[in-house]
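Below, each chain spelled out in residue letters.
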Amino acid sequence: MKTSTKRAVAAVFGAALAATTVATAAVASPAASTGDGPQRANAGKHVLLLSVDGLHQSDLDWYVTTHPSSALATLVGHGTSYTNAQTPVPSDSFPGMVGQVTGGNPGTTGVYYDDTWNRKLLPAGTTNCATATPGAEVAYTEGADRNPDALDAGQGLAGLPNSILQMTGNAASLLDPSQLPVDPATCKPVYPHEYLKVNTVFEVAKQAGLRTAWSDKHVAYDILNGPSGTGIDDLFAPEINSAASIAGFKGDWTKDNAATQQYDSYKVQAVLNEIEGNDHSGARAVGEPSVFGMNFQSVSTAEKLPTSDGLAGGYLADGVTPGPLLSKALDFVDAQVGKLSAAIAKTPDAKKTTVILSAKHGQSPMEPSALKRVDDGPIVDGLNAAWRAAGNTGDLVAFSTNDDVMQLWLTVHTQAAADFAKHYLLTHSAAGNDITKAPITVQASGLATVYAGSQVAEYFHAAASDERTPDIFGLVQHGVVYTGGKGKIAEHGGADAQDRHVPIVVSGGTDSGASSVSAPVETTQIAPTILRALGLDANALQAVKIEGTQVLPQR
């Protein structure tokens, strides 16, 4: 679940690469050639992309070492591991997944988080666009569902949860238009796929006549369809934050790891059906997709929950060894990967199938002693009060999204206002609590670095006029998690090394042994690698051309 504190105060294989992080790299120009030929796919080739959300490289290393006969160990043992891979910043699910299928970072894709502010769009529900004031929350979360509490997002299926595979593969049809921001030019709702600035691997594959499929946690993952809105033939997106009753639990499924595993199992079954050549429901023969996959939620919730199912969440005191709940979640994911691998092995195209394993994001802090829970509400309130005390009218903060990062959009979009906010944040302390729930105080609002105004645009290599970038982008001190409660032990969304250092494993049906690449790479390189594996031109991706994103280097 995306559990950030949000406050609306107003209204396989290619040339080697020396990859750089979004914080320091200049956008490459011109785009480096991948050497691909015509836009023509190789017959029978498939790519299965798996995102194990929350999975660190260290988690995979630990699991493979302690479970040498596991499915994950087999995947690593017959593929190339990129052991120095990083996600985009912010390390949130939305920019993380978008990066994997576009090849772009947020400054290029326009996707900074799943819940943001846009200075030019109009608020959801606006009908009189001629008189409406620009500035709107862009919430592509469970809140955009027809029914956020329903596993089928409001489709109205009978017999849930057992009937969930009957859910439509047209996820966009289950979005509630009244919850979407409005385009002032057309006075129509802006759907997630329309918000994305660049195309996706799914669109490129479709243009080449290939079938595509994906499964994710909200119907707002319609964004992966790309600007055309038609990139994914079969998008199965049951709602992870549903409150559907199951045996032994009622409530948000992210609050119970067993419920999260049950949720993930539905998506695994959908992918198994697709491997067999059917749609996600298993009811209609359509042929195995050429590019398809899913995300897992089970590891992520096991990292964040203090306890679940009678087991302690997170890591042991060393900050490396998974605790009992997380270890169980890793066992679950391993078993599911085993099922998928076994199903692929039975297909006639098994040797033409590439499996790519990675993660949208990691999680921090891993070491329990580093946790500092900080309530960001009083921080924002204090900033607003200081702004008014300085002789200004109204609140300064229009909107904020804070997990283990602080992002503020201001009502006054000037460098002076951003500098005022930056100064306040860095000169004020904040109250919090540690892993034992004992009170603590953090300096500088819990922040280590604050970018303000034009510094934010520079950080993201975005235009200064970009209506999407925050006015304040704050990187937290290690271990700080913004939350008003005491029920969270980790989070993601920032630039902490533990948020960003995730695995990439590329395993092909003809790979006979393990290899490892220690050169720094980014998960954005997964996108051109997918197209190369399918025999398609990586430069057909707009973000690849803009940023010069390279195919992952050969072993």
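Residues numbered from 1 in each chain as written. Predicted model: local features only at pLDDT ≥ 70, side-chain atom pairs only at ≥ 80, totals over all residues. Heavy atoms only, no water.

Peer 1: Mind showing me how you'd approach the sheet that holds strand 14 (residues 372–374) here?
Peer 2: Within a sheet, adjacent strands bond to each other through the backbone by hydrogen bonds, running parallel or antiparallel. A sheet is described by the order of its strands in space; here 4 strands give the open sequence 18-17-14-21, paired in mixed fashion. Every interior strand has two partners, whereas the edge strands, strand 18 (439–442) and strand 21 (480–482), have only one. Averaged over all pairs of adjacent strands, the angle between their axes in this sheet comes to 40°, without regard to strand direction. In this sheet, strand 21 lies alongside strand 14 in parallel orientation, the contact comprising 3 bridges. Following the sheet pairing, V374 is matched in strand 21 by Y482. (Pairing = 2+ DSSP bridges. Helix = DSSP H or I, 4+ residues; strand = E, 2+ residues; numbered from the N terminus. Axes fitted to C-alpha atoms, helices over the stretch in contact; angles between N-to-C directions.)

Peer 1: Whenever I open this one, the packing of helix 3 (residues 93–102) against helix 14 (residues 526–533) confuses me. Can you help?
Peer 2: Pairs of packed helices are described in terms of their axes, by the angle between the two and the distance that separates them. Interaxial distance between helix 3 and helix 14 falls to 5 Å at its minimum, and their mutual angle equals 35°. Here helix 3 contributes G99, Q100, V101 and T102 to the contact with helix 14, which in turn contributes I526, A527 and I530. Residues belonging to the contact of helix 3 with helix 14 are distributed by class as follows: 4 nonpolar, 3 polar and no charged. (Contact = heavy atoms within 4.5 Å. Nonpolar A, V, L, I, M, F, W, Y, C, P; charged D, E, K, R; others polar.)

Peer 1: Where do I start with the packing of aromatic side chains in this structure?
Peer 2: How two aromatic rings sit relative to each other is set out by the distance from centre to centre and by the angle between their planes. For the coordinates displayed, the defined rule picks out 14 aromatic pairs. Note that R468 overlies the ring of Y195, its terminal NZ or CZ placed 3.6 Å from the centroid. (Phe/Tyr/Trp six-rings, centres within 6.5 Å; stacked < 30°, edge-to-face > 60°. Lys NZ or Arg CZ within 6 Å of the ring centre and 35° of its normal.)

Peer 1: Looking at this model, I keep getting lost on the nonpolar core. Mind explaining?
Peer 2: Burial of nonpolar side chains together is a common tendency in soluble globular proteins. Core analysis: the largest hydrophobic core is formed by 70 residues, its most contacted members being L224, W253 and I530. Top contributing element to this core by residue count: helix 14, with 5 residues. Residue contacts for I530: discarding those within four places in its chain leaves V47, L49, Q100, V201, V291 and I356. Counting 40 residues, the second largest nonpolar core, distinct from the first, contains L48, W62, I344 and V355. (Core = buried A, V, L, I, M, F, W, Y, C linked by side-chain atoms within 4.5 Å. Buried < 20%, exposed > 50% of the residue type's maximum accessible area, 1.4 Å probe, protein only.)

Peer 1: Mind showing me how you'd approach the state of the cysteines here?
Peer 2: Where two cysteines share a covalent bond between their sulfur atoms, that bond is called a disulfide. Inspection of the entire model under this criterion finds 1 disulfide. Shown here is the disulfide that connects C129 with C187, its sulfur atoms set 1.9 Å apart. Given an S-S torsion of about 90°, the disulfide between C129 and C187 has right-handed geometry. Taken together, the residues C129 in the loop between strand 4 (115–118) and strand 5 (136–139) and C187 in the loop between strand 6 (182–183) and strand 7 (188–189) connect sequence positions 58 residues apart. (Disulfide = S-S within 2.5 Å.)

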